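Each chain, written out:
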Amino acid sequence: MRADEEGIKEAGAIAAAGGLVAFPTETVYGLGANAYDGEAVKRIYAAKGRPSDNPLIVHISDTSGIEELADGVSENARKLISAFMPGPFTIILKKSERLGGAVTAGMDTVGIRCPENETARRFIKAAGVPIAAPSANLSGRPSPTKASHVTEDMNGRIDAIINGGDCSVGVESTIVDASREIPVLLRPGGITYGQLKDVVPETEIDPNILGSLDENERPLCPGMKYKHYAPEAEVTVVEGGTDAVRKKIAELLERNADRVCGVLTMSENTYDSAVILCAGTTNREYAKNLFGCLREFDRLGAELVFAEFEERDGYGLAVKNRLYRAAAHRVIRVGAAEENKEMDHL
Ligand code: AMP
Ligand code: MG
C-alpha cells in the first residue's frame, strides 16, 4: 500500500489487530507485528522461517516509549540514546515484565530501536503499540532495501507492505549492548564505531563481528551464528588495494571461464567475460547497494561472485561484516597467502 495517510492508517490497524506489515525504515525494510501480541510475534518467525532463538528488535515512534519496554537505563545508555535515537541504532537493555518471551527469544534483555524514517514512525504511531520487527526477508537471504525485494520473499506470507521507496542506509542498524556496565558494539551499521566512541569512549567491540563463530561459542547477539545475507551464487571477497584486487579478480575470472561469473566492483572498471555490478566507490554507497546487488546477481544467473572490497570510510566495518557472511568467510586478502586457505577449488 501507499505511504500516504490513508495507507499508513490502514497498515497501523492491521498491525494492531495482530497482522503482519512490512514497512520501510532508513536501514532495511522491517516485518512488523504488535510486540505485545505473542501470537502475532510467532507469525513473524513462521513467515520468515526464522529460528525461534533469534530475538526481534522492538521499534518505537518516540524515545519516550523506552520506559515501558526497559527495566533500568544506565548513564551510558542514556548518552547513547540521546545521541543516536531516532536513527539507525538499536540499544540492548534489560527488558521489562510487560514484554512476553517470544519477542526476546526468552532472553532477559530487549533490543529497542526508534527509526528516523518518517513513514516508519507514522506507522508505529498509527498501530498504537511497539512494533517487533526483524528484516522483511526470508531467513538467510539478503535483507530487503526496496519494496520489490519484500514482495520477492514475502508475497502471500504477510498481510500488507507499505511501499516507501529505497532505504537510504541499506544495512541493518548498529546494535550496542548497553545492559552492562561497559557498552559493547554487537553489530556495525549506520552509526559507526567512531561515532559511538565519541559519545562513550570506553565502548568495546565484540570480536565476533568479523570472525566466524566457533561451534561451541555462545554469541552475544544470537543472530550472529546463522548463515546470513546469502545469495544463490557462491560469493568470494577479494580485499586489498585497488590494483592488486583487480589483478586477482582478472585471474580468477580466467580460471573460471566455464562458469557464469559476476563481479561486484568499487570502481567503474570493467572486466572481460563477467556480469559487472558497481556497488559504489565509497563504503557508504557500498552499504546502500550491497543487498540489492546480491539479489541482482541471482536474477542474472551468476554462479560465482567476486566482490572487490577496500576499507575507505566509517561504513567499512558494516559492509565487511555483511560481505564476509554473504561469502561464508571466503575472503582472499591480496598479498597475504596464509589467509587464502580453502580457495584451491576456485
Ligand atoms: P534482524 O533480523 O536483521 O532484524 O536482526 C535482529 C538482530 O538483533 C538479531 O541479530 C538479533 O540477534 C539481535 N537482537 C535482538 N534482540 C537482542 C537482544 N536482546 N540481545 C542481543 N541481540 C539482540
Ligand atoms: Mg535480518
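Residues numbered from 1 in each chain as written. Chains lettered and ligands numbered in written order. Predicted model: local features only at pLDDT ≥ 70, side-chain atom pairs only at ≥ 80, totals over all residues. Heavy atoms only, no water.

A.B. asks: Which residues make up the sheet that holds strand E13 (residues 275–278), and what values go with them?
C.D. replies: The parallel open sheet is built from five strands, whose spatial order is E13-E12-E14-E11-E15. Of all the strands in the sheet, the pair left with one neighbour each is E13 and strand E15 (331–333). Across this sheet, the average inter-strand angle for adjacent strands is 20°, counted without regard to direction. Where strand E12 (residues 261–265) meets E13, four bridges bridge the pair, whose relative direction is parallel. Residue pairing across strands places Leu264 opposite Leu277, the latter belonging to E13. The strands touched by helix H8 (residues 242–255) within the sheet are strand E11 (234–239), E12, strand E14 (304–309) and E15, with E14 carrying the most contacts at an inclination of about 175°. (Pairing = 2+ DSSP bridges. Helix = DSSP H or I, 4+ residues; strand = E, 2+ residues; numbered from the N terminus. Axes fitted to C-alpha atoms, helices over the stretch in contact; angles between N-to-C directions. Contact = heavy atoms within 4.5 Å.)

A.B. asks: I'd like to hear about helix H1 (residues 5–16), residue by residue, with values.
C.D. replies: Taking 1.5 Å as the rise per residue, H1 with twelve residues should run 16 Å; its terminal C-alpha atoms sit 16 Å apart, in good agreement. Within the sequence span of H1, burial applies to Gly7, Ile8, Ala11, Gly12 and Ala15. Buried positions in H1, seen along its axis, are confined to an arc of 135° and lie on one side of it. More than 90 degrees from the buried face of H1, the exposed residues found are Glu5, Glu6 and Lys9. On its buried side, H1 packs onto strand E1 (21–23), strand E2 (30–34), helix H5 (118–127) and strand E6 (131–133). Where H1 ends, the next residue or the one after it, Gly18, has phi of about 100°, a positive value. (Expected span 1.5 Å × (residues − 1). Buried < 20%, exposed > 50% of the residue type's maximum accessible area, 1.4 Å probe, protein only. Arc of directions from axis to C-beta.)

A.B. asks: Give a description of the sheet that holds strand E10 (residues 204–205) that names residues and reports values.
C.D. replies: A sheet is described by the order of its strands in space; here ten strands give the open sequence E7-E1-E2-E6-E3-E5-E4-E8-E9-E10, paired in mixed fashion. Looking at strand neighbours, the two that pair on one side only are strand E7 (160–161) and E10, the edges of this open sheet. Where strand E3 (residues 57–59) and E6 come together, three bridges link them in antiparallel fashion. Its bridge partner lying in E6, His59 is registered against Ile131.

A.B. asks: Lay out the pairing of E11 with the relevant residues and their values.
C.D. replies: With five of its six residues buried, E11 lies for the most part within the structure. Pairing analysis gives six bridges linking E11 to E14, with the strands arranged parallel. Counted as the bridge partner of Glu234 is Leu304 from E14. Summarising the sheet, E11 and E15 pair through three bridges and their orientation is parallel. Directly across from Val237, in E15, lies its bridge partner Val331.

A.B. asks: An account of the pattern of salt bridges is requested, with residue identities and associated values reported.
C.D. replies: Taken as a whole and assessed by the stated rule, the structure comprises 21 salt bridges. Across the pair Glu68 and Arg98 runs a salt bridge, and its minimum N-O distance is 3.5 Å. One end of the pair, Glu68, is in helix H3 (residues 66–69); the other, Arg98, is in the loop between strand E4 (89–94) and strand E5 (109–113), and 30 residues separate them in sequence. A relative accessible area of 51% means that Arg98 is categorised as exposed. Where Lys146 meets Asp166, a salt bridge forms, and the shortest distance between an N and an O atom there is 3.2 Å. Here Asp166 lies in the loop between E7 and strand E8 (174–177) and Lys146 lies in the loop between E6 and helix H6 (147–154), a separation of 20 residues in the sequence. (Salt bridge = Lys/Arg side-chain N within 4 Å of Asp/Glu carboxyl O.)

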